[in-house]
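# Architecture and fold: a report
Each chain, letter by letter, is given below.
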Amino acid sequence: MELPNENAIAIEPGLKRMLLIEIVFPMVLLILGIYHGLVQVLYRAGIIRSSQFLGLEYFQGLTLHGVVNAIVFTTFFAVAFGYAVIRYYLKRPLNMKVAWLSFALMMIGTMLAAVAILLGKATVLYTFYPPLRAHPAFYVGLVLVVVGSWLAFFNWLPPYFAWKRQHPGEKIPLAVVGIFAAFIVWLIATAPVAVEILFMLLPWSMGWVPTVNVPLARMLFWFFGHPLVYFWLLPTYVMYYTMLPKLCGGKLYSDFAGRLTFLWLVLYSAPVGIHHQFTEPGITDTWKFVHAFFTMLVAVPSFLTAFTMAASMEQGARENGGQGLLGWWKKLPYLDKDRWLFPYLFAGLFIFIFGGVTGIINASYNMNNVVHNTAWLPAHFHQTVAGPVFLSYLGMSLFLVAKLTGKAIKLPTWNVWMPYIWTLGIMIFSTGLFIGGGAGEPRRTNLGVSYSDPHSPLYHPEWHFGDIMGCIGGIVMTVAGLMFFVVFFATVFGRASKKGVLELIVSEAYHDERVPAVQSFTPWLAGAALLLVIAYAPPLTETIRSGFPGALPYSPHSPLPLHAEPDR
Ligand code: HAS
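What comes next is a walk through the structure. (Residues numbered from 1 in each chain as written. Predicted model: local features only at pLDDT ≥ 70, side-chain atom pairs only at ≥ 80, totals over all residues. Heavy atoms only, no water.)

Right, let's get into the overall build of the chain. When helices and strands are tallied, the chain shows 17 helices and 4 strands. Over its C-alpha trace the chain gives a radius of gyration of 23 Å, about what one expects of a compact globule, namely 24 Å for 568 residues. With the C-alpha coordinates of the chain rotated into their principal frame, the extents come out at 65 × 50 × 45 Å. Of all 568 residues assigned to the chain, the portion counted as buried reaches 61%. (Helix = DSSP H or I, 4+ residues; strand = E, 2+ residues; numbered from the N terminus. Rg over C-alpha atoms; globule rule 2.2 N^0.38 Å. Buried < 20%, exposed > 50% of the residue type's maximum accessible area, 1.4 Å probe, protein only.)

As structure tokens, then:
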């Protein structure tokens, strides 16, 4: 057996086992999630003209697609990656009892929610907006997933404080700052949704209260829903700032830029949720404007990231002989099988240029009126969460599994091409949906039995071109997804050639600035609390006081409310 790399550390067998299960389990579920992505584009293009396909109804499949891909896969990965980063940089063993308890809660929660969805008892999409009502098992499942992930974060606090005590005055490792920022954002995000689920949706779903306050539930959901996207993005940014420069053969252009980005996201991730509700009644324009303004500020760290990554890539490429104004681009390791993580990160950065620009369009109050609830939205979020986030999570899952098991990557040529094929798919898919969305085509609609069906009185041929394009892109994405699964599972089931270790790629800083303002979380946490009070206290008070009549529960199968249901 070869000796491990000098950057590697040996870790406790229990932690290794848990990390592997935590990565492989959601990957198995992801097969289901990606399959339902393919089915979605077939419905939209009118190739499936039915309300169900292979036993799963349209909205049920869409719920599964959103919950598995956007909630389960991301949360499991963030926790596993967080464990890896904390253990690697702080070099202290973790409390394995708490770790396994957190894992068990997340696993049981996922099973409960999945069974409820598969039995058709929780067809409420990943936003679970009332008055669509799910079986209590769905809500309890989500709560367990969240509580499990909180426990993981609390488990990292003792080693963090011990490290700080033993390294007075030293800078906290950048990756640790990023992971802590992600989980602080997650704590902020999940508090309001916990209130929504525990005090509103669960009692209503159990039949203890007859109605639910829809505007309040939606506001609490988006109080969660937007920081959620930065919880997804932050682990990706950790990989960009701490790994990508080294993969390019260079250094991180500015350590300060990384710290500022992470802390800025702690400050501004949450007071922006009403930008998802610009078109909704019951919220005054003032608060919509305040949230639009803060949304522009939350985009700043991503601009900072764009410039820092470009500078770091240029520095690395020039180190390796790159020359000229643009000639250095040729020196990046696009298809280097030894630095195969580069394509996963680089392709995501490329996609994010378009996801970012469309995000700014969405946030621009009046332009939002054109795109809200149209196909434009899934185009935007596939260029963000299914672009940089998804690709980096896939790449890092494979990286960690290969290192922890000491196995070589199988099919290395497929592995380096997969991110580019995925990018091609995403770009075609999103362009199709942007075209449809710009022309007013709705999202979350079974087009196969309506606007894409020539036999339907609703048939809308003007939208068909975008749907066909979306379908072609979706098929290309599915091919890339299958390539990844083959590489991943062939590696998992391959033979080990080295001792399994924990290893991460670590970039040095080119400018290692020491700016006091980004050395501590405290002022940023205080700022975040203040902004939350400014942005949410008045609109929440308004919504609670305005006395909206409560709504009875609905199911997606009928326009009539559900009344007493003996079978639930
Ligand atoms: Fe968003 C809706 C605004 C970022 C995800 N967003 C969504 C939804 C999701 C989502 C899932 O204001 C739908 C929710 C639903 O189901 O209804 N979003 C923004 C803004 C940003 C943004 C302003 N979104 C994200 C990220 C997501 C995400 C990140 C997931 C991870 N979004 C909105 C708004 C809505 C919305 C409204 C609601 C709309 C509605 O009406 O419902 C910003 O954070 C974006 C900033 C990003 C940039 C890009 C920086 C570029 C970089 C790449 C550089 C590349 C390099 C490589 C260096 C400014 C870092 C160069 C290489 C070459 C080859 C050239």
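Its location among the elements puts Lys407 in the loop between helix H14 (385-405) and helix H15 (412-438). Polar contacts involving the side chain of Lys407 include one to the main-chain carbonyl oxygen of Val492, which spans 2.7 Å. The residues touching Lys407, leaving out its near neighbours within four places in the chain, are Ala402, Thr491, Val492, Phe493, Gly494, Arg495, Ala496 and Ser497. (Polar contact = N/O pair within 3.5 Å; in protein donor to acceptor, adjacent residues only side chain to side chain. Contact = heavy atoms within 4.5 Å.)

Our next topic: the pattern of salt bridges. In the structure shown here, the tally under the stated rule is 11 salt bridges. Residues joined by salt bridges that share partners form a network here, namely Lys171, Asp255, Arg259 and Asp512. (Salt bridge = Lys/Arg side-chain N within 4 Å of Asp/Glu carboxyl O.)

All right, on to helix H11 (residues 341-363) then. Spanning 23 residues, H11 covers 32 Å between terminal C-alpha atoms, matching the ideal 33 Å at 1.5 Å per step. Of all the bends in H11, the greatest measures close to 30° and is centred on Phe352. (Expected span 1.5 Å × (residues − 1). Bend = angle between axes of the 7 residues up to and from the residue.)

Turning our eyes to something else, we now look at the site of the ligand. Taken together, 33 residues lie around the ligand, and Tyr230, Asn368, His372, His380 and Arg443 are the ones closest in. Between the ligand and Tyr126, the relevant distance is 2.9 Å, taken from an oxygen atom to a side-chain nitrogen or oxygen of the residue. Counting residues per element, the ones that place at least two in the shell around the ligand are helix H6 (214-242), helix H10 (300-319), H11, helix H13 (376-382) and H14. The biggest single contributor to the shell around the ligand is H11, with 10 residues. Residues that form the shell around the ligand fall into these classes: 21 nonpolar, 11 polar and 1 charged. (Near = heavy atom within 4 Å. Nonpolar A, V, L, I, M, F, W, Y, C, P; charged D, E, K, R; others polar.)

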